[in-house]
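# Analysis of the macromolecular model
Single-letter residue listing:
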There are 2 protein chains.
Amino acid sequence: MKFKVALLGAGNVAWNLAPALEDAGHEITEVYARTLCQAEEITERVYNARPTNDLDFSESLAEIFILALSDDAIAEVADQVILPEGSLLVHTSGTVPLEVLAYSSASYTGVFYPLQSFTKGKKIALDEVPIALESEDEESLQKLKKLAKSLSPMVYTLGSKDRKALHVAAVFASNFTNHMLRIAEEILHRQGLDQELLKPLIIESISKSLQIGAKKAQTGPAIREDLETLEEHHRFLSYNPQVAEIYRLISQDIIDS
Amino acid sequence: MKFKVALLGAGNVAWNLAPALEDAGHEITEVYARTLCQAEEITERVYNARPTNDLDFSESLAEIFILALSDDAIAEVADQVILPEGSLLVHTSGTVPLEVLAYSSASYTGVFYPLQSFTKGKKIALDEVPIALESEDEESLQKLKKLAKSLSPMVYTLGSKDRKALHVAAVFASNFTNHMLRIAEEILHRQGLDQELLKPLIIESISKSLQIGAKKAQTGPAIREDLETLEEHHRFLSYNPQVAEIYRLISQDIIDS
């Protein structure tokens, strides 16, 4: 089943989603952005979509409208967009509750959340990305399932609580792991050491963790309860009390769990 | 230049190091472990090494003695081992200072620290592993460089302060990223969600971080200073106050840095 889809947003998600939807046989009718120039960045990646900076979609032929926007912008655009009768409006956020779409002019609402960190300019294979769906309308949910399954074999229907849990977990698994790498970079930089030194260790430990599970994969001074090393490291970090406290707290949680 | 090397220890490092040294043309003369049976686990991986549970090496033909032991055991074994005249004794730890070898019977001491997370039974390509070296004796340092370079192109000479910095950075980059994944696993598990859901996101965000650096790669509610989401996530985690506090503190550090 092929859909006519309008994309609202011209960021990392839209940049990746537009051509992926077209490759799966759907038609992108319009791409909305605040400026035409931004919208054209996306429309030029597909066959025949119209760029627009106007939120009046009453004449649109699309039946699914995807808000591929930053979390902050979703409510505002949802409130302003004028949609045709029978339209289904979804957002792509892991955080924003379905209810923020309640005051829109859409007949039906939902969530279409691809679990990946997208970057403009870096093509992601959507067929390796899980997609989490939500809608209170059964027919809309079926539509979203068909749309999602045309992109990826990993399609999950989640309630709002599930989606929130998933997003909190994603913050730990993605943003916080990244911040641990950031702190490591800073320590090496401060000591004038080569950033390359830790890369093989990082790749090996993440891949081990994904293979055997993080619980079994844990090593290091905290899991050994090597209090002397923990104390020494904590002292070493005294130039940055906040990072020292992060060191202490995570080590304690490793010991406790 | 080829060396005769004795290995003291039969754990993850020795399991990987013994055949790698042999493949690079060196000769493993003996492998020491507390029990012969443990030592044989390593000697059977190489051509002609003698397993032993005796720390009297006065008759050994080796010139380099590698303590591939857990951090706790290094000082004890170093104090007890009887080494021939002119021998060089090194340990493989990122944490333990060189000075713990000062009271050993070795003529020279040093550190030979391969920066990787080793596991028995999983062969690691040593030529992709950086090796950090330390010694106060110039001739010993040259020997260790030759030994290390026969295994890996990435050889670094570090002082004790450098090595400590490196180890603290490695704890963040390896143990703490792993613990972030552990917390994510727990959140998914608690909500009855599939562990597979986050794997593509984890792989993509780590690879992005290594490519463009963690500072540029950061995304998520903290870097956006999306205080509403941070507050909501913190509330979501209230069932585990320590994890909630970890969430708060890392988010604050992302905002501040």
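Here we take up the sheet that holds strand β4 (residues 64–67) of chain B. Strands in a sheet are paired, the pairing made by backbone hydrogen bonds, and the direction either parallel or antiparallel. Residues and elements named next belong to chain B. Read from one edge to the other, the open sheet built from eight strands follows the order β3-β2-β1-β4-β5-β6-β7-β8, with strand pairing classed as mixed. Sheet topology places β3 (50–52) and β8 (155–157) at the edges, where each strand pairs with a single neighbour. Shown here is a sheet whose adjacent strand axes are inclined to one another by a mean of 25°, direction ignored. Here strand β1 (residues 4–8) runs beside strand β2 (residues 27–32); their pairing, made up of four bridges, is parallel. When the bridges of β2 are listed, leucine 7 appears paired with valine 31.

This part is about the side chain of A:Ser60. All names here are of chain A. With respect to the helices, strands and loops of the structure, serine 60 is situated in the loop between β3 (50–52) and β4 (64–67). Within the structure, serine 60 has its side chain in polar contact with the backbone nitrogen of alanine 62 (distance 3.0 Å). In this view, serine 60 contacts Thr29, Glu30, Phe65 and Pro84; residues no more than four positions away in its chain are not counted.

Our focus in this paragraph is the packing of helix α8 (residues 227–236) of chain A against helix α9 (residues 241–256) of chain A. All names here are of chain A. Taken N-terminus to C-terminus, the directions of α8 and α9 make an angle of 160°; their axes are 9 Å apart at the nearest point. Taken together, α8 and α9 sit at an angle that is classed as roughly antiparallel. For α8 against α9, the interelement crossing comes out right-handed. Taking contact as the criterion, the partners of Leu227, Thr229, Leu230, His233 and His234 in α8 are, on α9, Ala244, Glu245, Tyr247, Arg248, Ser251 and Ile255. Split into classes, the residues belonging to the contact of α8 with α9 amount to five nonpolar, four polar and two charged.

A few words on the pattern of salt bridges. For side chains of opposite charge, pairing can occur when their charged atoms come near one another. All names here are of chain A. If you walk through the whole model with that rule in mind, you get 26 salt bridges over all chains. A salt bridge links glutamate 41 to lysine 120, with the nearest nitrogen and oxygen atoms 3.4 Å apart. Residue glutamate 41 is located in helix α2 (residues 36–43), and its partner lysine 120 is located in the loop between β6 (108–114) and β7 (131–134); the two are separated by 79 residues in the primary sequence. According to the relative accessible area criterion, glutamate 41 is partly exposed, its value standing at 34%.

Relative to chain A, chain B is turned by 180° and slid 0.0 Å along the rotation axis, the superposed coordinates differing by an RMSD of 0.1 Å. Overall, the copies show the geometry of a two-fold rotation axis. Relative to the rotation axis, the closest C-alpha in chain B is found at B:Thr177, a distance of 2.3 Å. Both copies share a contact surface, since 100% of the interface residues of chain B are interface residues in chain A too.

Next up on the list: the interface of chain B and chain A. At the junction of the two partners, chain B supplies 87 residues and chain A supplies 87 residues. At the boundary of chain B with chain A, total buried surface from both sides reaches about 8,500 Å², with 65% on carbon and sulfur atoms. With a closest N to O distance of 3.2 Å, B:Asp71 and A:Arg224 form a salt bridge. Secondary-structure elements contributing two or more residues to the side of chain B that touches chain A are α3 (71–80), α5 (160–190), α6 (199–212), α7 (214–217), α8 (227–236) and α9 (241–256) of chain B. Tallying contributions element by element places α5(B) first for the side of chain B that touches chain A, with 26 residues.

What follows deals with the side chain of A:Asp71. Checked against the element boundaries, A:Asp71 lands in helix α3 (residues 71–80). Leaving out residues up to four positions away in the same chain, A:Asp71 has contacts with A:Ser93, A:Thr95, A:Val96, B:Arg224 and B:Asp226.

Residue and element names in this part refer to chain B. Among the six residues that make up β2, five are buried, leaving the element largely enclosed by the rest of the structure. When β2 meets β3, the two strands line up parallel, connected through three bridges. Paired with tyrosine 32 across the bridge in β3 is threonine 52. For the segment spanning β2, helix α2 (residues 36–43) and β3, crossover handedness is right-handed.

Conventions and cut-offs
- Residues numbered from 1 in each chain as written.
- Chains lettered and ligands numbered in written order.
- Predicted model: local features only at pLDDT ≥ 70, side-chain atom pairs only at ≥ 80, totals over all residues.
- Heavy atoms only, no water.
- Pairing = 2+ DSSP bridges.
- Helix = DSSP H or I, 4+ residues; strand = E, 2+ residues; numbered from the N terminus.
- Axes fitted to C-alpha atoms, helices over the stretch in contact; angles between N-to-C directions.
- Polar contact = N/O pair within 3.5 Å; in protein donor to acceptor, adjacent residues only side chain to side chain.
- Contact = heavy atoms within 4.5 Å.
- Parallel < 35°, antiparallel > 145°, perpendicular 65-115°, else oblique.
- Left-handed = near helix turned anticlockwise from the far one by under 90°.
- Nonpolar A, V, L, I, M, F, W, Y, C, P; charged D, E, K, R; others polar.
- Salt bridge = Lys/Arg side-chain N within 4 Å of Asp/Glu carboxyl O.
- Buried < 20%, exposed > 50% of the residue type's maximum accessible area, 1.4 Å probe, protein only.
- Least-squares fit on C-alpha atoms with pLDDT ≥ 70 in both.
- Buried area = accessible area lost by both parts, 1.4 Å probe.
- Right-handed = clockwise from strand over helix to strand, strands pointing away.

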